[in-house]
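Here are the chains, one letter per residue:
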There are 2 protein chains.
Amino acid sequence: MRICDIGEFGLIDRIARSLPPPGEGVIVGIGDDVAVLRSSERHILATCDIQVEGVHFLRDKIRPYQLGRKAVAINVSDIAAMGGLPRYLLVSLVLPKETEVEFVDGLYEGMREECSRWGAAIVGGNMAHSPGGIVVDLFLLGEVEPGWLLQRSGAQVGDRVLVTGTLGDSAAGLALLLHPEASCLDIHREFALCRHLTPLPRLWEGRAVARSGLATAAIDVSDGLAGDIGHICERSGVGVRIWAGALPISNAARAVAEAVGADPLEWALSGGEDYELLFTTPAGRAEELARRVYEETGTPVSIIGEVVPADQGISLTRPDGSTLPLRKSGWDHFLK
Amino acid sequence: MRICDIGEFGLIDRIARSLPPPGEGVIVGIGDDVAVLRSSERHILATCDIQVEGVHFLRDKIRPYQLGRKAVAINVSDIAAMGGLPRYLLVSLVLPKETEVEFVDGLYEGMREECSRWGAAIVGGNMAHSPGGIVVDLFLLGEVEPGWLLQRSGAQVGDRVLVTGTLGDSAAGLALLLHPEASCLDIHREFALCRHLTPLPRLWEGRAVARSGLATAAIDVSDGLAGDIGHICERSGVGVRIWAGALPISNAARAVAEAVGADPLEWALSGGEDYELLFTTPAGRAEELARRVYEETGTPVSIIGEVVPADQGISLTRPDGSTLPLRKSGWDHFLK
């Protein structure tokens, strides 16, 4: 049996089942993007996320500076989804010997800038040479006040599903990288590329959601909305109905989709890499929570669906009232 | 300019100079194998170490179980060299899609066993697919009592240099993997292969050294004795004279060296991957410290040299009294 037969999440399940209970110091263990470790004052958050040349990025499509910013941002996004703050970064680099020093300089410039933006410090790491491409593996430590911790597991039937910002922009940016000849307004091109190459983690939005005490579950949109809401459903033992008409899709994503002949709804549902914050809250508090986050951060929040019983699965309701099931999984690293 | 022109340590220096001061929470930052972060009761230790297929291991020369054990052990060794205890492990895997699930099972069996041996728990990680070979990148969190922290920076002129166990065995094991036809006693073959494939981190020895309060500096021997003592010299602003006749070389390493026509002294000085603990202590306390570690752990400790002024550099004194300079650097990932 090969790992492409069972997929990334099948493999993670298999590993999780094989491990002994991790002990009482571990609040969230294997299977999540972030481990949560009990500490005396604030819980410790530990996460890692990797960028592999040829899989996550192409050398000629992203500048080293952008790669550095993005690699940090996607880890900060994981900390944001737990309601925490990033603190310390370790950088593990695998580099071909012929790599230009300027590449490393640019990479670190980007990592430094992104870290400083979010109050984190680069404190160490490791280097090894690569017989193949470049690998940038970052390990980020953060912290969260025990009462503020956001998890995937608390969504309740009847809750509303909320999301920050807009969905599908990163997929639009990727489409433009792969089809630079596509014709659209410069302002849309710029926006989509920026969202793909240097995504903005929703750290202050995560803090606002955590501080409110109103969220029942949260995650960041990295694999795609359909896949990431699936993680909440699995952990919370619920289903979700997404309202297609309520999905926040930017004019840029619509314009790029039209230019390349793609469906912006499809991008919003499964494009991935938007790094928006996705969370649930009781129906009666949804408007209030959306307003609070907007007032504190300036970031619009949309109410995009509702939590339903698990046996109803994950579905999409179209504006005409018709409903279709959504594939639960988003991006899977190993499935064929 | 390419990274092979300035080398791994030249690149790390360049990066370290480009970073802003990391803030008062960081006791040891970039440039060390382990970051030390101030915390309310115990300091947090954070380290990462990677195994890259074709660089650190060959698929047909190591079983997945052994690779799992080794990948954990070398990280535990870094924690041991700081006097700490390992607590939480994150596992970042980059795998070709065709990887057999049994490979991952074996890898995790090894990691699980090695973690459980040292009291650590696997709490999370990340997976990505690889367009090339396998990469196993581990992030290990540990802790240390503030008064017990061992650093590289405190060696004083006149101190003695001590090392646990024996040196050169891992190089002997590697030589046997590359020359399986070499003829030597089974017991020597077994020992050398075991030391290379499943090294034993000196965790309890590190705790004994830390508890004693007698060590002025410490590091683990990963790049090779000459290179690692060089890190102590650099951070402490001293030189070192190693006594060749005092180097602990096992009968196995001598036998394998003879079988493959190599020099066991060369292996002991620069073979690397022995994961012994190397530390310094005032001359008058060296015998006492060696005895204490032996009594507490059963591991022999050798006194192998003395700390000298920085301008004398790093040298080797032969049994006949002649002295020659040692190259400061051991293994460098990028130098040509």
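Each chain carries its own residue numbering, running from 1 in the written order of its sequence. Here chains are named by letter from A upward and ligands by number from 1 upward, in the order in which they appear as written. The model is predicted, so local features are restricted to residues of pLDDT at least 70 and side-chain atom pairs to those at 80 or more, both for listing and for counting; the totals for chains, interfaces and linings are taken over all residues.

With respect to the overall build of chain A
Then, in step 1: In this text, helices come from DSSP runs of H or I with a minimum length of four residues, and strands from runs of E with a minimum of two, each type numbered from the N-terminal end. Each helix and strand in chain A was counted, giving ten helices and 13 strands.
Then, in step 2: Once C-beta atoms are placed from the backbone, each residue is buried if 20 or more other C-beta atoms lie within 10 Å of its own, exposed if 12 or fewer, and partly exposed for counts between those two. Within the span of chain A, comprising 336 residues, buried residues form 59% of the whole.
Then, in step 3: Pairs at least 24 apart in sequence give 82% of the contacts found in chain A among residues at least 6 apart. What counts as a contact here is a pair of residues whose C-beta atoms, placed from the backbone, lie within 7 Å.

A look at the packing of helix α4 (residues 169-178) of chain A against helix α5 (residues 186-197) of chain A
Residues and elements named next belong to chain A.
Then, in step 1: Where α4 contacts α5, the axes come no closer than 7 Å and their chain directions differ by 105°. One element, α4, and the other, α5, form an angle in the roughly perpendicular class. Contact residues: Asp169, Ser170, Ala172, Gly173, Leu174 and Leu176 in α4; Arg189, Phe191, Ala192, Leu193, Arg195, His196 and Leu197 in α5.
Then, in step 2: Side-chain classes follow a simple rule in which Ala, Val, Leu, Ile, Met, Phe, Trp, Tyr, Cys and Pro form the nonpolar group, Asp, Glu, Lys and Arg form the charged group, and the remainder, Gly included, forms the polar group. Along the lines of polarity and charge, the residues of the contact of α4 with α5 split into seven nonpolar, three polar and three charged. Axes here refer to lines fitted to C-alpha atoms; in helices the fit is confined to the stretch in contact. Angles between the N-to-C directions go from 0 to 180 degrees. With respect to orientation, any angle under 35 degrees is reported as roughly parallel, any angle over 145 as roughly antiparallel, any angle of 65 to 115 as roughly perpendicular, and every other angle as oblique.

Describing the relation of the copies chain A and chain B
Then, in step 1: Between the two copies, chain A and chain B, the superposition gives an RMSD of 0.0 Å; the rotation angle is 180° and the shift along the axis is 0.0 Å. Considering both components of the superposition, the chain copies are consistent with a two-fold axis. Residue glycine 132 of chain A, judged by its C-alpha, is the member of chain A lying nearest the rotation axis, at 3.1 Å.
Then, in step 2: With an isologous cut-off of 70% or more, the 100% of interface residues of chain A that recur at the interface of chain B puts this contact in the isologous class. Least-squares superposition of the copies uses the C-alpha atoms of those residues scoring a pLDDT of at least 70 in each of them.

Some details on the packing of helix α1 (residues 3-18) of chain A against helix α3 (residues 101-118) of chain B
Then, in step 1: Two numbers describe how α1 of chain A lies on α3 of chain B: the axes approach to 10 Å, and their chain directions differ by 20°. Regarding the angle of α1 of chain A to α3 of chain B, the classification is roughly parallel. The handedness of the crossing between α1 of chain A and α3 of chain B is right-handed. Contacts between α1 of chain A and α3 of chain B involve Ile3, Ile6, Leu11, Ile15 and Ser18 of chain A from the first element and Val101, Val104 and Tyr108 of chain B from the second.
Then, in step 2: In the contact of α1 of chain A with α3 of chain B, the residues fall into seven nonpolar, one polar and no charged. Should the near helix be turned anticlockwise from the far one by less than a right angle, the crossing is left-handed, and should it be turned clockwise, the crossing is right-handed.

What about the sheet that holds strand β6 (residues 135-144) of chain A?
Residue and element names in this part refer to chain A.
Then, in step 1: At least two DSSP bridges between two strands are required for those strands to pair. Spatially, six strands are ordered β1-β2-β3-β6-β4-β5 in an open sheet, and the strand pairing comes out mixed. Each end of this open sheet is capped by a strand with a single partner; those strands are β1 (26-28) and β5 (121-129). Here the average twist between neighbouring strands, direction ignored, is 20°.
Then, in step 2: Sheet analysis places strand β4 (residues 85-95) next to β5, joined by eight bridges and oriented parallel. Note that in β5 the partner of leucine 93 across the bridge is methionine 127.

With respect to the pairing of strand β2 (residues 34-37) of chain A
All names here are of chain A.
Then, in step 1: With burial as the criterion, each face of β2 is covered, one bearing Val34 and Val36 and the other bearing Ala35 and Leu37.
Then, in step 2: As paired elements, β1 and β2 share two bridges and run antiparallel to each other. Bridge pairing in β2 places valine 26 opposite leucine 37.
Then, in step 3: Where β1 hands over to β2, the hairpin turn is made up of five residues, of which glycine 31 adopts a positive phi near 110°.
Then, in step 4: Strand direction decides the pairing type here: β2 and strand β3 (residues 43-52), joined by four bridges, are antiparallel. Along β3, the bridge assignment pairs leucine 37 with isoleucine 44.
Then, in step 5: Where β2 hands over to β3, the hairpin turn is made up of five residues, counted between the paired strands.

Remarks on the domain arrangement of chain A
All names here are of chain A.
Then, in step 1: For every domain, the bounds stem from an assignment made automatically or drawn from a database. When the domains of chain A are assigned, the result is domain 1 (32-148) and domain 2 (160-325).
Then, in step 2: Relative to domain 2, the C-alpha centre of domain 1 lies at a distance of 23 Å.
Then, in step 3: Facing the 15 residues of domain 1 at the interface are 19 residues of domain 2.
Then, in step 4: The greatest single-element share of the side of domain 1 that touches domain 2, amounting to nine residues, is contributed by helix α2 (residues 64-80).
Then, in step 5: Its residues placed into classes, the side of domain 1 that touches domain 2 shows eight nonpolar, three polar and four charged.

Digging into the interface of chain A and chain B
Then, in step 1: Listed as interface residues are 61 residues of chain A and, on the opposing side, 62 residues of chain B.
Then, in step 2: For the side of chain A that touches chain B, the secondary-structure elements that each account for two or more residues are α1, β2, β3, β4, α3 (101-118), β5 and β6 of chain A.
Then, in step 3: Considering each element in turn, the side of chain A that touches chain B owes the most residues, nine residues, to β5 of chain A.
Then, in step 4: Considering only residue class, the side of chain A that touches chain B consists of 35 nonpolar, 16 polar and ten charged.

Digging into helix α4 (residues 169-178) of chain B
Residue and element names in this part refer to chain B.
Then, in step 1: Counting buried residues in α4 gives eight out of ten residues, a clear majority hidden from the surface.
Then, in step 2: Turning to α4, its buried residues are Asp169, Ser170, Ala171, Ala172, Gly173, Leu174, Ala175 and Leu176.
Then, in step 3: Looking at the packing, one finds that the buried side of α4 touches α5 (186-197), α8 (251-260) and α9 (264-270).

Thoughts on α3 of chain A
Note that an α-helix has 3.6 residues per turn; residues three or four places apart therefore point the same way.
Then, in step 1: Multiplying one less than the number of residues by 1.5 Å gives the expected span of a helix. The terminal C-alpha atoms of α3 of chain A lie 26 Å apart, and with 18 residues this matches the ideal 26 Å at 1.5 Å per residue to within 8%.
Then, in step 2: Here α3 of chain A has its buried residues at Phe103, Val104, Leu107, Tyr108, Gly110, Met111, Arg112, Glu114, Cys115 and Trp118 of chain A.
Then, in step 3: Next to the buried residues of α3 of chain A lie α2, β4, β5, β6 and α6 (203-212) of chain A together with α1 (3-18) of chain B.
Then, in step 4: After α3 of chain A finishes, the residue glycine 119 of chain A shows a positive phi value of roughly 80°.

Structural notes on the nonpolar core
Then, in step 1: The term nonpolar core means buried Ala, Val, Leu, Ile, Met, Phe, Trp, Tyr and Cys residues held together as one set by C-beta atoms within 7 Å. Ranked by size, the top nonpolar core spans 224 residues in total, and within it Leu89 of chain A together with Leu89 of chain B carry the most contacts.
Then, in step 2: Leaving out residues up to four positions away in the same chain, leucine 89 of chain B has contacts with Val72, Cys115, Ala120, Ala121, Ile122, Val123, Leu138 and Leu140 of chain B.

A closer look at unusual backbone geometry
Peptide bonds are mostly trans, and most non-glycine residues show a negative phi.
Then, in step 1: Look at tyrosine 275 of chain A: it is not a glycine, yet its phi comes out positive at around 55°.
Then, in step 2: Note that tyrosine 275 of chain A resides in the loop between α9 (264-270) and β10 (277-281).

Here's the deal with the sheet that holds strand β7 (residues 160-164) of chain B
All names here are of chain B.
Then, in step 1: If you trace the seven strands from one edge of the open sheet to the other, you get β8-β10-β7-β11-β9-β12-β13, paired in mixed fashion. Since the sheet does not close on itself, it has two edges, and those belong to β8 (217-220) and β13 (323-325), each with one partner. Ignoring which end each strand starts from, the neighbouring axes of this sheet average 25° apart.
Then, in step 2: Across four bridges, β8 lies against strand β10 (residues 277-281) in antiparallel orientation. Within β10, the residue paired with alanine 218 across the bridge is phenylalanine 279.

As for the environment of alanine 192 of chain A
All names here are of chain A.
Then, in step 1: Note on placement: alanine 192 falls in helix α5.
Then, in step 2: For the pair alanine 192 and glycine 168, spaced 24 residues apart in sequence, the C-alpha to C-alpha distance is 9.0 Å.
Then, in step 3: Once residues within four sequence positions are removed from consideration, alanine 192 is found in contact with Asp169, Ala172, Gly173, Leu176, Ala252, Ala253 and Val256.

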